[in-house]
Structure formats: structure tokens, C-alpha cells
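So you can see what is in the structure, the chains are spelled out below.
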Amino acid sequence: MTGIQRRRLLLPAFLLSLLALFALCEWRGWPFLRQPLEQQLSSKLQRDVSFGDDFRLHLLGSIRISTDRFHIAGAAWEGTAPALLEARDIRLQLPYRSVLGKLRGEGQPLDITLLEAGDVQARLQRDTRGRANWQFGEASAAGGAFPRFRRLIVHSGHVEVQDALLPLQLQADARTTEGSEEKEPGLHVTARGRFQDKAFRAEAHSPGALPLVAPEGAGIPVALTLEAELAQNRLHFDGYARDLLHFGGLNGDFSLKGPSLATLGDAVGATLPTTAAYSSSGRIRKQKTLWTVSVQEFDVGRSHLSGLFHYDTARQRPLLKGELGGSVLALADLAPALGAAPDKATAVKTENKTGRLLPQREFDIPSLHRMDADVTVNIERVELGSVFALPLQPLQGHLTLDQGELQLERLLARTADGEVSGQLKLDARQPQQPLWAADVQWSGLKLEKWLKARNEFARTSERLPSKTPPKTVAPPFVTGELGGQAKLQGRGRSTADMLASLQGRTQVWIKDGSVSQLLVEGMGLDAAQATGLLIRGDKDISLRCAAVGLKADKGVLATETGIVDTPDSLIVMDGKISLAEEKLDLTLRAKPHDISPLSLRAPLHVRGSFAQPKVRPDGSTVGLKVGAAALLGIVVTPLAVLVPLIDPGSSDKGQGCAQTLAELKKIPATPPAMKAALREEKSSTRTR
């Protein structure tokens with residue numbers, strides 16, 4: 001063999017020798033690299049790192065390490081704190097791209113393909129400055145992020161977490177057993193601690209080999225039972241999953257109950273209203289980042305709701321979409337969402353302490369920025385409260401939440417042969433001064449069907465027959481079709497603040513109606529007719545016109561129009577209602593259409609606070625001289641604005657307000673002397 005031939009064979013032989021050496025080292029597990037690797041990791045992580053004597057490293061395809069012991073010391077800023085990690089019987093697999101990225105200083109969390117441990121003792125800590133003991137080397141924006149695990153299996157382990165930023169304190173134990181007379185086989189995990197100053201606990205059990213973390217779509221779903229409690233919210237789940245920490249492939253039945261939906265929202269990072277105690281059951285499913293929840297039963301107070309919801313966490317702000325339905329919703333159950341007390345006992349206690357009736361508690365405005373929502377509302381029945389005889393049937397609308405702006409659009413509700421429509425909005429894009437707005441209309445509501453109050457003073461002949469012949473049902477105090485509209489807005493972080501800044505207008509009217517004569521004479525302080533009605537029985541009289549127009553300015557409602565016109569009397573209302581101070585200052589004046597010798601015809605004042613209103617007649621002689629006539633010239637023009645808004649209907653009585661307006665226009669303008677007397681009356685009543 002010539003020299004040239006030998007040189008030609010030298011390179012392949014050398015490469016073959018290298019390959020054989022590499023294969024031998026790969027087979028032996030590169031034991032001589034243990035100390036250099038410990039030194040390199042300790043230098044890079046800036047803390048002590050060590051492996052056990054039984055160390056094996058494999059480099060083909062990915063970095064794979066197995067050892068009987070693995071130790072990582074705590075961070076230098078922790079002082080003499082225990083180790084970050086002590087583990088035994090370890091198998092670790094890392095992709096080269098993640099390791100190289102870390103070596104280049106890229107700010108991404110470490111991506112771990114597999115970590116399996118026989119026994120693990122871990123202690124994770126992060127302080128208020130954001131320093132985390134799992135943050136290795138130089139600090140970076142993403143350095144405090146937990147490593148990502150594609151697959152995590154722990155046969156026995158204990159983890160302690162102290163995170164001052166969340167804040168979270170956690171102690172968790174996990175074990176995998178083959179089963180014995182004392183222990184059930186499978187995976188068992190228990191956790192307890194505090195999250196955002198709320199105590200929690202959780203237990204999970206799987207009879208199969210359920211990993212703590214598994215790749216999406218990998219593996220076969222394994223039976224899982226989960227019990228959890230956070231801030232008195234209790235969850236029970238019975239179904240299947242592919243991994244425990246991410247709930248991969250989750251699918252099963254759940255039951256959930258707690259003191260308020262708002263506490264549940266705080267726990268899961270969603271925006272939910274404050275309510276009374278609730279309970280719910282249904283089915284839940286998770287595919288990648290999409291949660292699907294079918295709520296078969298949701299009960300809070302007297303309310304019974306249901307729905308189908310999809311919650312996508314892949315977006316920058318999670319999105320909740322779905323349909324909210326149910327058989328009944330009691331508005332009293334939503335009182336806490338408006339800042340009111342959840343029950344009467346609490347409400348009384350609050351009132352006695354503050355002297356205020358309007359809810360003062362601030363809303364959780366920041367929670368409106370946690371997510372977006374797009375929910376269709378279709379509830380069969382909405383109970384309005386004890387004052388109303390009929391509910392809303394149904395209530396429909398479209399609820400959206402977009403970057404802190406909450407809207408209920410296409411609102412439509414029907415009751416008592418009429419309907420309510422419009423839209424409501426809460427714009428919390430300025431959290432310190434959120435904007436509330438309402439644009440609502442109502443029409444055709446039959447008061448005799450809608451209101452529950454009945455006139456027990458009515459004559460027997462006018463009582464309505466009941467299903468039981470010997471008994472009778474008293475007629476209503478007032479009948480007719482109620483209509484109106486409100487366009488209002490305010491700013492504030494509570495119901496009280498919003499009402500105290502209210503701006504806008506609202507108008508209410510009644511057409512084709514009747515009213516209790518006793519009520520009318522009482523407002524007119526006609527002692528003779530009122531006494532006679534109490535003796536022989538009350539009766540209904542035609543209601544020619546009833547209209548009220550209010551203008552809101554900085555939380556003060558001032559009457560632009562206030563009139564009730566019947567064949568017997570014309571009653572005019574004037575004054576203000578302060579929502580900011582919760583005070584009343586209203587005056588009712590009556591001008592009779594008939595003659596009554598014992599009629600005082602003095603103004604009737606309604607004053608005082610919302611909690612303690614006071615009603616009394618005016619004792620001055622000015623009221624006897626002026627009466628209601630002095631105001632007639634004032635109410636003509638505002639009433640003319642209201643009349644075109646009122647649908648006259650098909651009955652003959654439908655022209656009542658138009659007829660009243662025509663008659664008012666015939667009255668001469670108020671003489672200056674009467675205007676001066678009226679001003680004197682108002683001034684004297686204020687001093688009293």
C-alpha cells in the first residue's frame with residue numbers, strides 16, 4: 001500500500017474512531033462530563049448546582065439527563081435559605097433550541113420537554129421587588145417566568161411557593177402509588193394556602209397515570225376527581241383530563257357554589273357581578289385555550305338561570321361569549337351588584353349607621369378591564385319586587401364588554417300589555433370617573449294590571465269579582481296606560497356617586513285612566529269630600545291627564561312639568577329632589593273644579609330625607625290666596641312639549657292631555673302680583 005493510499009484511509013479511520021468514541025461515551029453516559037457540567041451550570045446560574053454519583057448524559061436528538069440526585073441552591077439574595085430544589089431519581093429532557101436560547105441570553109422561559117422525578121422538594125419564592133429564586137443569572141424581563149413543562153411527572157413531591165406579587169402562599173403534595181390496603185392507586189395531589197389574601201385548598205385524585213403536565217392532544221384522558229375551595233367558593237368536578245396543572249383535555253360534570261359570583265370572578269380572573277349566595281351545576285370542557293361551560297342550573301336567591309358559555313384565554317384579554325337564559329330572575333337578587341346590601345337585615349344595619357338609602361359601596365371597576373364579553377340575554381321571567389303584580393315576560397338583550405365599556409343593547413321587555421325598550425351603558429375606560437348612561441322608553445303598561453296596591457276604601461259595588469264568589473277584590477288606586485322615556489347619564493364609582501352627578505331628562509305620563517277620588521281629594525285637602533268618601537266608600541274618577549317632566553342637573557331633579565287633571569281637581573306639582581343629598585322639597589297645589597265648603601286648598605309640602613320624608617300642609621295664608629292658579633301659566637309650555645309624545649290611543653278618553661292643554665291655554669297669564677305672592681310663599685315656607 002502506497003503512502004497516498006494510506007493517507008486516503010487515514011481520514012475515514014479518524015472519523016470512524018471519533019464516531020466509535022462518541023458512541024462509547026453516549027453508551028456510558030458521558031460520566032467525565034459531570035463535574036464540568038456542574039461547574040458550567042453553577043457559573044451560568046450563579047448558584048451551586050450538583051448531580052449525584054449515578055449520573056448519565058445523552059446528547060443525541062436532545063439533551064437527556066438522568067441522575068440519582070439533583071441539587072440547586074437558593075438565590076444569593078435569600079441568604080441562608082434552604083435549597084431551591086432537591087430531587088431524586090431524575091429524568092430530564094431539554095430541546096437544544098431552548099438551551100441555546102438561554103445561553104445566548106434570550107429572555108424566554110426554559111422549555112422542558114420532560115421532567116420525571118421519584119421525589120422532589122421545591123421551594124419557590126418571589127419578593128415585592130420582583131426578584132425570584134427561580135430567576136437564574138442576570139435579571140431580565142421574562143427571567144421571573146416559570147419554566148414551561150411539556151410533560152411533568154412527580155411520583156412523590158412537596159412544593160412551597162411564596163409569591164409576594166400575586167400574592168400567593170402555597171404548599172402542595174403529590175404522590176403516585178401502585179395501591180395497597182391503606183392507599184388507593186393512582187395520582188393524589190393536595191394543596192392549601194392563600195391567594196390574594198383568601199384561603200384556598202384543593203384535592204385531586206386520578207386512578208390512572210395522569211401526569212401533572214402533558215402536551216396538548218397527547219395521551220389518553222384519565223379519570224379525574226377534583227375538590228377545591230377558594231374564598232368559600234366550592235367546586236366539585238368528576239370527569240376526565242390529560243394533565244392536572246393545565247387541565248388538558250378536561251371534560252366532565254361540575255357543581256359550584258359560593259357566597260357571590262364576584263368572589264368566583266376574582267378567583268378565575270373573570271368579570272362577574274356581585275350577587276347573593278349561588279349554586280350551579282353543569283358540564284365543563286377545555287380544548288387548548290377554549291373553555292366551554294354548559295350551565296344546566298344556576299340558582300341565586302329566587303332566581304333560576306341557565307346558559308352556554310365559551311371562554312377563550314388565548315386573546316390578550318380573554319373573551320366570554322354565549323347565551324344567558326333561564327326561567328326566572330328576581331331583581332332583588334342583583335341588589336348587591338348595584339351596591340345594596342344582600343339582605344334586609346344588612347340593609348337595615350347599613351341605613352341606621354349612615355342615614356343614607358342609596359348604596360355607597362364602590363363597584364369593582366378595574367375588573368371590567370380583565371376580559372371582553374359578547375352575551376345574548378333571553379330570560380323568560382323577571383320578578384320586579386313586591387310592589388308589582390306582574391313580572392317582565394320575557395327580558396331580551398345583547399350584553400357586550402369591550403375594553404372596559406359595558407353595554408346592554410337591544411333591551412326589550414314586556415309586561416302588563418306594554419313594553420320597555422332601550423339601552424344601558426357603563427363606560428369604565430376612565431376608571432376613576434366611569435360614565436353611566438341610560439336611554440330607555442316604556443309604553444302601554446296597564447297600571448291596573450301592573451301595580452299590586454289595591455283601594456280597600458272603594459265601594460262594594462265597584463269591587464272586582466274574584467274566583468271565589470263570597471269574596472271580592474278591591475280595585476286599584478289608579479288605572480291607565482303608563483308611558484314615558486328617560487335619557488340620563490352620570491359619573492361615579494358607586495350608585496350614590498352616579499346619581500349625585502345625574503344629568504338629562506325624564507318624562508312620565510298616564511292616558512286613558514282613572515284614579516281614586518279619595519286620593520285626589522286628599523291631595524287637595526278637601527276635608528268634606530274626603531270624610532264623606534271614607535263613610536260611604538271611595539270611587540274612581542276619570543283621569544283626564546297625568547304628566548311629569550323632570551330635568552336632572554348635577555344630581556338634582558327639578559320639575560319642568562307636574563300635573564294631574566281630573567273632573568274634580570287640577571293638581572300641580574313643583575319642586576326638587578336632590579339625589580346627592582337624598583332630600584325632598586316638593587309642593588302639591590290643588591285647584592278644584594267644584595265647590596266644597598270645607599276645602600282648605602292649602603299647598604301640601606313633601607320634605608325631609610329619603611329615609612324620613614315628612615308630609616304636611618302649608619299653614620300660611622298665602623296658600624289660601626294664591627292656590628294652584630298661580631302655576632297654571634308656568635306648566636302650559638312644558639306640558640305642550642309632552643303632549644305630542646303621548647299616543648292618544650283609540651278611546652274617547654285618549655284626548656285627555658290635549659283637552660287639558662287647550663283649557664290651560666285659555667287661562668290668562670299669571671299677573672305680576674300673583675307671581676310676587678308665589679315667590680313670597682316659597683320664601684316663607686323655606687324659612688319655616
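Structure first, text after, so check above.
> How do you make sense of the overall build of the protein when you look at a structure like this?
Secondary structure assignment for the protein yields 13 helices and 36 strands. Residues classed as buried in the protein amount to 43% of the 688 residues present. For the protein, contacts bridging at least 24 residues in sequence account for 53% of all contacts bridging at least 6. Working note: accessible area of the protein is about 36700 Å², and carbon and sulfur atoms make up 58% of it.

> Explain a nonpolar patch on the surface to me, please; I cannot follow it from the model alone.
Taken together, the side chains of L11, F14, L15, L18, L21, L24 and W27 make up a nonpolar region of the molecular surface, amounting to roughly 760 Å² of accessible area. Examined against the element boundaries, W27 turns out to sit in helix 1 (residues 3-28).

> Looking at this model, I keep getting lost on the environment of G29. Mind explaining?
Mapped onto the secondary structure, G29 falls in the loop between helix 1 and helix 2 (34-45). Accessibility expressed as a relative area gives 0% for G29, which makes it buried. Each C-alpha atom of the pair G29 and H58 lies 5.9 Å from the other, and the pair is 29 residues apart in sequence. Leave out the neighbours within four places in its chain, and G29 touches F55, R56, L57 and H58.

> Teacher, can you tell me more about the nonpolar core here?
What tends to happen in soluble globular proteins is that the nonpolar side chains get buried as a cluster. The biggest cluster of nonpolar side chains holds 117 residues, and the ones touching the most others in it are L85, L224, L244 and L502. Those residues in contact with L224 that sit more than four places away from it in its chain are A204, H205, L210, F237, D238, G239, Y240, A241, L244 and L250. One finds W509, C545, A547 and I563 within the second-largest nonpolar core, a separate group that totals six residues.

> Even after reading the chapter, I still don't get helix 2, so can you show me in this structure?
Structurally, the α-helix is built with 3.6 residues per turn, so residues lying three or four positions apart point the same way. Counted at 1.5 Å a residue, the expected span for helix 2 with its twelve residues is 16 Å, and the 16 Å between its end C-alpha atoms agrees. Listing the buried residues of helix 2 in full gives R34, E38, S42 and L45. The buried side chains of helix 2 occupy one side of the element, clustering within an arc of 80° when seen end-on. Away from the buried face of helix 2 by more than 90 degrees, exposed residues Q39 and S43 are located. Looking at the buried residues of helix 2, the elements they touch are strand 1 (49-51) and strand 2 (55-58). Following helix 2 by one or two positions, Q46 has its phi on the positive side, about 60°.

> When you look at the pattern of salt bridges in this model, what are you seeing that I'm missing?
Opposite charge on two side chains permits pairing when their charged atoms draw close. On inspection of all chains with the given rule, the structure shows 26 salt bridges. Where R34 meets D53, a salt bridge forms, and the shortest distance between an N and an O atom there is 3.1 Å. Taken together, the residues span a long stretch of sequence, with R34 in helix 2 and D53 in the loop between strand 1 and strand 2 at a distance of 19 residues. Its salt-bridge partner being K446, residue D417 comes within 3.7 Å of it at the nearest N-O pair.

> Sorry if this is basic, but what is going on with the environment of A23 here?
For A23, the location among the structural elements is in helix 1. A23 sits in the partly exposed class, given a relative accessible area of 43%. Here the alpha-carbon distance between A23 and L60, two residues 37 residues apart in the chain, equals 9.9 Å.

> Looking at this structure, I do not really get the pairing of strand 23 (residues 405-415). What am I missing?
Along any regular strand the residues' side chains alternate between the sheet's two faces. By the bridge criterion, seven bridges tie strand 22 (residues 395-402) to strand 23 in an arrangement that is antiparallel. Within the sheet, the bridge partner assigned to L401 lies in strand 23 and is L406. If you look at the hairpin formed by strand 22 and strand 23, you'll find two residues sitting between the two strands, and Q403 has a positive phi there, around 55°. The pairing of strand 23 with strand 24 (residues 418-427) spans nine bridges and is antiparallel. Residue pairing across strands places L412 opposite S421, the latter belonging to strand 24.

> Teacher, can you tell me more about the pairing of strand 31 (residues 545-553) here?
With seven bridges connecting them, strand 29 (residues 503-516) and strand 31 associate as antiparallel partners. Within strand 31, the position partnered with R505 by the bridge is K551. As paired strands, strand 31 and strand 32 (residues 556-565) are joined by nine bridges and run antiparallel to one another. The residue bridging D553 from the neighbouring strand is V556, located in strand 32. A loop of two residues connects strand 31 with strand 32, the two strands running antiparallel in sequence, and K554 in this loop sits at a positive phi of about 55°.

Criteria and thresholds
Residues numbered from 1 in each chain as written. Predicted model: local features only at pLDDT ≥ 70, side-chain atom pairs only at ≥ 80, totals over all residues. Heavy atoms only, no water. Helix = DSSP H or I, 4+ residues; strand = E, 2+ residues; numbered from the N terminus. Buried < 20%, exposed > 50% of the residue type's maximum accessible area, 1.4 Å probe, protein only. Contact = heavy atoms within 4.5 Å. Areas by Shrake-Rupley, 256 points an atom, 1.4 Å probe, with all protein chains shown as cover. Patch = residues over 30% accessible without salt bridge, like charges linked within 9 Å, V, L, I, M, F, W, Y side chains within 5 Å. Salt bridge = Lys/Arg side-chain N within 4 Å of Asp/Glu carboxyl O. Core = buried A, V, L, I, M, F, W, Y, C linked by side-chain atoms within 4.5 Å. Expected span 1.5 Å × (residues − 1). Arc of directions from axis to C-beta. Pairing = 2+ DSSP bridges.

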